[in-house]
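# Structure at a glance
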Amino acid sequence: MAKDLDWANLPFGYMETTKSFVANYKNGAWDEGTLTSNHSITISECAGVLQYAQTCFEGLKAYTTADGKIVTFRPDLNADRMKDSCERLEMPVFPKDRWIKAVIDTIKANIEWVPPFGSGATLYIRPYMFGSSAVIGVKPADEYQFRILVTPVGPYFKGGVKPITVRLSDLDRAAPHGTGDIKAGLNYAMSLYNIVDAHKKGFAENMYTDPATHTYIEETGGANILFVTKDGKLVTPKSNSILPSITRRSLVQVARDYLHMEVEERQVNKNELKDFVEVGLCGTAAVISPIGCIDDHGTKINVPSGMDEIGPVLKKLRETLTGIQMGEIKAPEGWVYEIK
Ligand code: PLP
Ligand code: COI
């Protein structure tokens, strides 16, 4: 039985739920891990995560389907991506089969926190890992903790699928050949100044360009980007310094196989922004959030789909993806994991 929460008005925020998963890495091995109701952590004042930001995370969601099942979406890809993050940050990989099982066990232990079908809310799942033992010279920690917390959330942007305004950013979120393609906490730390500044100036997000030349569109602080051309093609930026979004990769397949659209994954020059008829963000938190206006240093690029509602192509894509996630549309083999 779901908790008695005001599901329709949940913010994208954290609340303590019933259980979190925790596993510890020590002497070169992971322990078996356990579910805990302790939602706080005690670590060394000199822990690797505190001194040198040795931490990475993932984000995925659990849903209640139309026929009352609880499911999650492509956790295997989150496990793969966390492996990439861990390897890049010199952290020990938590084995994939155990990673997926831990996500499923954590959802099961919090089943009453999974929002009901049709409520507009979902259960956000946040697996993360950090260096927990002391380091003072710059080197990886010897001990790590892998945890999974869950929290019910509403839409990432206020207003749900209401178009937002973003600005082209002068600052970078990732360096060329840096860590933009992994989910390192440090990528988000360095975006905080810029997102606070954007919000102060009335923008919902920063749209980053490629850090080497500031010519090509990359992504925003927390989502990849989708464009629709006048002739109905889906275009999405290709770059080594953006996060390989699972939502974006899924949407590319949905566009091709379900909606029979032409899809281009390629560099997108910022001069092309004025030519697209629809623009949106995509990610686990954002799902698809339409962009109605892009501010390029005071020059407004008004997207033809406007500020009132999502354009027809992104709407169809969003409905198809969420239909797959919520069990209303048949999913490709292996995309939907049934929990209960
Ligand atoms: N890009 C960034 C920087 C993100 O933080 C996220 C969120 O995870 C995404 C893209 C979207 O990725 P996904 O669709 O796998 O959630
Ligand atoms: C997600 O979509 O899961 C993310 O991690 C984005 C985050 C900035 C909330």
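Quick look at the structure, then. Source: prediction; values computed, not measured.

## Things to note about the site of ligand 2
With respect to spatial proximity, the complete set of residues near ligand 2 consists of Phe12, Phe57, Gly59, Tyr124, Arg126, Tyr156, Lys183, Gly222, Thr284 and Ala285. Within the side chain of Lys183, a nitrogen or oxygen atom sits 2.7 Å from an oxygen atom of ligand 2. Measuring from an oxygen atom of ligand 2, one finds a backbone N or O atom of Thr284 at 3.5 Å. Across the complex, the protein chains shield 89% of the 280 Å² of accessible surface that ligand 2 would expose by itself.

## A word on the packing of helix α2 (residues 75-88) against helix α3 (residues 96-108)
Pairs of packed helices are described in terms of their axes, by the angle between the two and the distance that separates them. Contact geometry of α2 with α3 gives a least axis separation of 9 Å together with a crossing angle of 125°. For the element pair α2 / α3, the angle class is oblique. Between α2 and α3 lies a crossing of right-handed hand. Note on element contacts: α3 touches α2 through Lys96, Trp99 and Ile100, opposite Pro75, Asp76, Asn78, Ala79, Asp80 and Met82. Of the residues contributing to the contact of α2 with α3, the split by class is five nonpolar, one polar and three charged.

## Brief notes about the nonpolar core
Grouped together as the largest cluster of nonpolar side chains are 34 residues, with contacts concentrated most on Trp30, Phe94, Trp99, Ile107, Ile125, Met129 and Phe146. Setting aside residues no more than four positions away along its own chain, Ile107 makes contact with Ala62, Ile70, Thr72, Val114, Ile125 and Ile339. In terms of nonpolar packing, the next biggest core, distinct from the first, is built from 21 residues, Tyr63, Val228, Ile288 and Leu317 among them.

Calculation rules
- Residues numbered from 1 in each chain as written.
- Chains lettered and ligands numbered in written order.
- Predicted model: local features only at pLDDT ≥ 70, side-chain atom pairs only at ≥ 80, totals over all residues.
- Heavy atoms only, no water.
- Near = heavy atom within 4 Å.
- Polar contact = N/O pair within 3.5 Å; in protein donor to acceptor, adjacent residues only side chain to side chain.
- Areas by Shrake-Rupley, 256 points an atom, 1.4 Å probe, with all protein chains shown as cover.
- Axes fitted to C-alpha atoms, helices over the stretch in contact; angles between N-to-C directions.
- Helix = DSSP H or I, 4+ residues; strand = E, 2+ residues; numbered from the N terminus.
- Parallel < 35°, antiparallel > 145°, perpendicular 65-115°, else oblique.
- Left-handed = near helix turned anticlockwise from the far one by under 90°.
- Contact = heavy atoms within 4.5 Å.
- Nonpolar A, V, L, I, M, F, W, Y, C, P; charged D, E, K, R; others polar.
- Core = buried A, V, L, I, M, F, W, Y, C linked by side-chain atoms within 4.5 Å.
- Buried < 20%, exposed > 50% of the residue type's maximum accessible area, 1.4 Å probe, protein only.

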